[in-house]
Amino acid sequence: MPDPMRWGVLGTANIAAKAFLPALREAGGVATVVGSRSENRGQTWAAENGVTRAGTYESVVAADDVDAVYVALPNDQHSVWAAAALAAGKAVLCEKPIALNAAQAEHLVAAVGPDDLLWESFVFAFHPQTTLLERLVAEGRIGDLTEIVSEFHFDITGATGNIRLSRELGGGALYDVGCYPLRLARHLFGSEPVHAATALTPSPGGVELDMAAVVDFPQSRRLIMSAGMRRPMSTFTRIVGTTGELRVTNPFHPTARDTVELWVGREHVETWPAASGSAFRHAIDHINAVILGQATAQHTAVQDAVQQARSLDLVRAAATTGEAR
Ligand SMILES: NC(=O)c1ccc[n+]([C@@H]2O[C@H](COP(=O)([O-])OP(=O)(O)OC[C@H]3O[C@@H](n4cnc5c(N)ncnc54)[C@H](OP(=O)(O)O)[C@@H]3O)[C@@H](O)[C@H]2O)c1
């Protein structure tokens, strides 16, 4: 296997330019090709973002000088292109949600061979801050974990043409950011949700601009989540136990400004600053090491994506039926 690791990118995506490529460079990898629906856009984007060349999506998937593919397309195209890249023998990091429903996720995962490598891009799972949260919960520092109160909001008010506002492309607050609190709760509870009740604000185009849900897990554990696209960025999360809680400013993409605070009763006991390195950087390090045979794959799509998609289905179904508690 050559060194440095060679990645291809599908889509001239904002997230690829702003987060994935900087992390890839830090990790010592290179982006050899970006795929675009437009030759011009692809070439301009490649030049602006230090990518060697541009081509079609098909050419990225088929390229001999690509070891791994980052799928940064609109949500409705994730599972199709993840499958195509896997079939061409590439390792794949696919943006979330990897599938629009459980049936799509099952179909994709069923096609993953024993040597195939596929991850859904919940990169926070690889960040040391998540390991810290797991450890603090396991050590009983908040007593028994009972509830997670988590939000992910940001603001695209006034945006036109944003993929998040298109129902056809798999837009809406639940797919875009509501998936994060759900993934975090499944991760920390170590179980799957059994019931959900929701409230939402629809857009004229038929996606939810914001939504809230109460999601029940086994053992009387509960996620109270809120997600949306029309107020300032916030990812504040409380991980609550019988004796205390962890207050986490950003469990999903921690930066140097973010912290984890331990509160016991009404007392602030300790603060941990987020460890250095973006969540993308930690994920890419892991994937590169797995490809090189230096690490065992963790948090793969085979291990997680179907259950994550079923959880999204559960919340979506509650939203559709308007089921009230
Ligand atoms: N993990 C994270 O932290 C994170 C953060 C932000 C976003 N995301 C995910 O990353 C994905 C991309 O998000 P983004 O904000 O980067 O989106 P974006 O800037 O709009 O990029 C999406 C790209 O998809 C391609 N595309 C293909 N069909 C399209 C269509 N019908 N309409 C518009 N674009 C189309 C476009 O590239 P070409 O036209 O060049 O082919 C476009 O540049 C989404 O799935 C999102 O959920 C993840």
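Conventions adopted
Residues numbered from 1 in each chain as written. Predicted model: local features only at pLDDT ≥ 70, side-chain atom pairs only at ≥ 80, totals over all residues. Pairing = 2+ DSSP bridges. Helix = DSSP H or I, 4+ residues; strand = E, 2+ residues; numbered from the N terminus. Core = buried A, V, L, I, M, F, W, Y, C linked by C-beta atoms within 7 Å. Buried ≥ 20, exposed ≤ 12 C-beta atoms within 10 Å, placed from the backbone. Domains from an automatic or database assignment. Contact = placed C-beta atoms within 7 Å. Axes fitted to C-alpha atoms, helices over the stretch in contact; angles between N-to-C directions. Parallel < 35°, antiparallel > 145°, perpendicular 65-115°, else oblique. Left-handed = near helix turned anticlockwise from the far one by under 90°. Nonpolar A, V, L, I, M, F, W, Y, C, P; charged D, E, K, R; others polar. Expected span 1.5 Å × (residues − 1).

*Asks:* Help me out: how do you make sense of the pairing of strand β7 (residues 145–155) in this one?
*Replies:* Residues in a regular strand project their side chains so that they alternate between the two faces of the sheet. Pairing of β7 with strand β12 (residues 237–241), which is carried by five bridges, proceeds in the antiparallel orientation. Note that in β12 the partner of Leu145 across the bridge is Gly241. With seven bridges connecting them, β7 and strand β10 (residues 221–228) associate as parallel partners. From the neighbouring strand, Glu147 faces β10, where its bridge partner is Arg222. Here β7 runs beside strand β11 (residues 230–234); their pairing, made up of two bridges, is antiparallel. Paired with His153 across the two strands is Ser234, which belongs to β11.

*Asks:* Which parts of the structure should I look at to understand the nonpolar core?
*Replies:* Side chains of nonpolar character tend, in soluble globular proteins, to be buried together. Judged by nonpolar contacts, the single largest core of 98 residues is most densely connected at Leu10, Val69, Tyr70, Val71, Ala82, Val92 and Val315. With eleven residues, helix α7 (residues 173–189) is the largest single contributor of residues to this core. Counting residues domain by domain, this core receives three or more from each of domain 1 (6–123 + 281–299) and domain 2 (128–275). Excluding anything up to four places from it in sequence, Val69 contacts Gly8, Leu10, Val60, Val61, Ala85, Lys90 and Val92.

*Asks:* What exactly am I supposed to notice about the packing of helix α1 (residues 14–26) against helix α8 (residues 279–291) here?
*Replies:* When two helices pack together, their arrangement is captured by the angle between the axes and the distance separating the axes. Where α1 contacts α8, the axes come no closer than 8 Å and their chain directions differ by 55°. Here α1 lies oblique to α8, going by the angle between them. Handedness of the crossing formed by α1 with α8: right-handed. Between α1 and α8, the contacting residues are Ala19, Phe20, Ala23, Leu24 and Glu26 on the first element and Phe280, Arg281 and Ile284 on the second. Of the residues that constitute the contact of α1 with α8, the class distribution is six nonpolar, no polar and two charged.

*Asks:* Where do I start with the domain arrangement of the protein chain in this structure?
*Replies:* Size of an interface, as often reported, equals the accessible area lost when the parts are brought together. As far as domains go, the protein chain holds domain 1 (6–123 + 281–299) and domain 2 (128–275). On the side of domain 2, seven residues touch domain 1, which itself brings seven residues to the contact. Residue classes in the side of domain 1 that touches domain 2 are distributed as four nonpolar, one polar and two charged.

*Asks:* Before we go on, may I ask you to explain the sheet that holds strand β6 (residues 118–120) in this structure?
*Replies:* Strand pairing in a sheet relies on backbone hydrogen bonds. The paired strands run either parallel or antiparallel. Ordered in space as β3-β2-β1-β4-β5-β6, the six strands form an open sheet in which the pairing is parallel. Both outer strands of the open sheet, β3 (53–55) and β6, are each paired with one neighbouring strand and no more. On average, each strand axis in the sheet is inclined to that of its neighbour by 20°, with strand direction left out of account. As paired strands, strand β5 (residues 91–94) and β6 are joined by three bridges and run parallel to one another. Across the sheet, residue Val92 finds its bridge partner in β6, namely Leu118.

*Asks:* I keep staring at α8 and nothing clicks. Help me out?
*Replies:* Counting along an α-helix, one turn takes 3.6 residues, and residues three or four places apart therefore face a common direction. Taking 1.5 Å per residue, 13 residues should reach 18 Å; α8 reaches 18 Å between its end C-alpha atoms and fits that length. What α8 keeps buried is the set Ala279, Phe280, Arg281, His282, Ala283, Ile284, His286, Ile287 and Asn288. Buried residues along α8 sit in contact with α1, β4 (68–71), β5 and β6. Gly293 sits one or two positions beyond α8 and adopts a positive phi of about 75°.

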